[in-house]
Amino acid sequence: TGVHLYFGTKEMQVGEIICESGALNYNLSVDQGPVKGADELTENIHIGRLIVNQTDVTAIITSETVNLKIDDIIIKNQGGANVAWISTNDKNLKVGNITHNGLGATSGQAGIYLSNTDAESSAEFGTIDVSNVPGIAFRTYNTGKVKIGTLIGKNNREHARIQSHVTIDNVDGVDSLEIGVNFFDNFAVGSSIGRCELTGTVGTGINVGSDNITIPYAKCDGFAALYGLHIPLNTGNFSNDYYEGANCSQGLRILSADEINMGVLNLHDNT
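Fair warning: this is a prediction, and the values are worked out from it, not measured in the lab.

Draft legend 1. Region of interest: the overall build of the protein chain. Summing up its helical and strand segments, the protein chain has zero helices and 20 strands in all. In terms of C-alpha radius of gyration, the protein chain reaches 19 Å, essentially the compact-globule figure of 18 Å for 271 residues. Counting only C-alpha atoms, the protein chain reaches 55 × 35 × 25 Å along its principal axes. Per-residue burial over the protein chain gives 50% buried out of 271 residues. For the protein chain, the distance from the average position of its 16 positive side-chain charges to the average position of its 30 negative side-chain charges is 1 Å.

Draft legend 2. Expanded view of the side chain of Gln 78. Along the chain, the position of Gln 78 falls in the loop between β6 (66-76) and β7 (85-88). Excluding residues within four positions of it along the chain, Gln 78 makes contact with Thr 55, Val 57, Thr 58, Ala 59, Val 83, Ala 84, His 100, Gly 102, Leu 103 and Gly 104.

Draft legend 3. Quick peek at the pairing of β6. Bridging between strand β4 (residues 43-52) and β6 involves eight bridges; their strand directions are parallel. Each residue of the ladder has a partner; that of Leu 50, found in β6, is Ile 73. As paired elements, β6 and strand β8 (residues 93-101) share seven bridges and run parallel to each other. Across the sheet, residue Lys 69 finds its bridge partner in β8, namely Lys 94.

Draft legend 4. Highlighting the packing of aromatic side chains. Applying the stated rule across the entire model yields five aromatic pairs. Relative to Phe 125, the ring of Trp 85 has its centre 6.1 Å away and its plane inclined at 70°; by these criteria the two rings are edge-to-face. In this pair, Trp 85 sits in strand β7 while Phe 125 sits in strand β10 (residues 122-131), placing the two residues 40 residues apart along the sequence. Exposure remark for Trp 85: the relative accessible area of 0% places this residue in the buried category. A centroid spacing of 5.2 Å and a plane angle of 10° characterise the contact between Tyr 217 and Tyr 242, whose relative ring orientation is stacked. Here the residue Tyr 217 occupies a position in strand β16 (residues 217-221), and Tyr 242 occupies one in strand β18 (residues 238-246), the gap between them amounting to 25 residues. Owing to a relative accessible area of 25%, Tyr 242 belongs among the partly exposed residues under this scheme. An aromatic cluster is built from Trp 85, Phe 125 and Phe 138, whose rings are joined through pairwise contacts. Cation over ring: Arg 161 sits above Phe 184, and NZ or CZ is 4.4 Å from the ring centre.

Draft legend 5. Just unusual backbone geometry, in detail. Even without being a glycine, Asn 77 presents a positive backbone phi close to 50°. Structurally, Asn 77 can be placed in the loop between β6 and β7. The partly exposed category is assigned to Asn 77, whose relative accessible area is 46%. A positive phi angle is found at Asn 142, which is not glycine, with a value near 75°. Note on placement: Asn 142 falls in strand β11 (residues 136-154).

Draft legend 6. The arrangement of the pattern of salt bridges in detail. This structure, assessed with the given rule, holds eight salt bridges. Residues participating in the shared-partner salt-bridge network are Arg 157, Glu 158, Arg 161 and Glu 178.

Draft legend 7. Seen up close, the nonpolar core. In this structure, Phe 125 and Ile 206 are the most contacted members of the largest nonpolar core, which totals 57 residues. Look past the residues within four positions of Ile 206 in its chain and what remains in contact with it is Val 181, Phe 183, Cys 196, Leu 198, Ile 215, Ala 218, Cys 220, Gly 228, Leu 229 and His 230.

Rules of the game
- Residues numbered from 1 in each chain as written.
- Predicted model: local features only at pLDDT ≥ 70, side-chain atom pairs only at ≥ 80, totals over all residues.
- Heavy atoms only, no water.
- Helix = DSSP H or I, 4+ residues; strand = E, 2+ residues; numbered from the N terminus.
- Rg over C-alpha atoms; globule rule 2.2 N^0.38 Å.
- Buried < 20%, exposed > 50% of the residue type's maximum accessible area, 1.4 Å probe, protein only.
- Lys, Arg positive; Asp, Glu negative; His and termini not counted.
- Charge placed at Lys NZ, Arg CZ, Asp CG, Glu CD.
- Contact = heavy atoms within 4.5 Å.
- Pairing = 2+ DSSP bridges.
- Phe/Tyr/Trp six-rings, centres within 6.5 Å; stacked < 30°, edge-to-face > 60°.
- Lys NZ or Arg CZ within 6 Å of the ring centre and 35° of its normal.
- Salt bridge = Lys/Arg side-chain N within 4 Å of Asp/Glu carboxyl O.
- Core = buried A, V, L, I, M, F, W, Y, C linked by side-chain atoms within 4.5 Å.

The following block contains the structure:
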């Protein structure tokens, strides 16, 4: 199947892992497996670079790791209806840069999926660059905290579906087919994006479906079928200092009757 760092693997340094193909389960897995207990956690593993050149299965699976660090991840040429990375309850996961260019995930799946039910789970990324996913390019779910420096999305159905507490410095999205950034429910309460710039063709740029979301600077351009920025019913305490909505069906659509705090609105060339 590939490389499996199994239960009890600790204090391991790897310079580079290159996976030429994967056809059964995964290319790289770092997890506990069936063994449960603190003594058996995969812990303090550092991988310099992971390259997946071809895969028809899930490229990476990590579960319940502690202090897993990967400097660079490159996933190429993913076929089949599969997820690029499934991360479950990893603690202090740190990734420098990840690039995923493939058509793995179908419309109902995520390219990179962080699914955490442990409130102490955490992940930190430098740059995430995901393109050509006919589903959700990057998704977080449930508890735990996620920090991202820069999220880049290109030609995905959804660039990001945020369903946990996420902090992102910059989002740069081009050609989202349905939604650029989607704060999906109140698992994401209190999340923030410092600067968010999205260019679309149809659909919606930003959907704020969670409370207490902060985006100081946002720009949505070209969402001709729906909305640049959409704040639906029962969403409160959205905060924004500057918003530009252009070349959309509606540059800004607010249905919420709760408190919405916005500064400069630059709305132009909307139909």
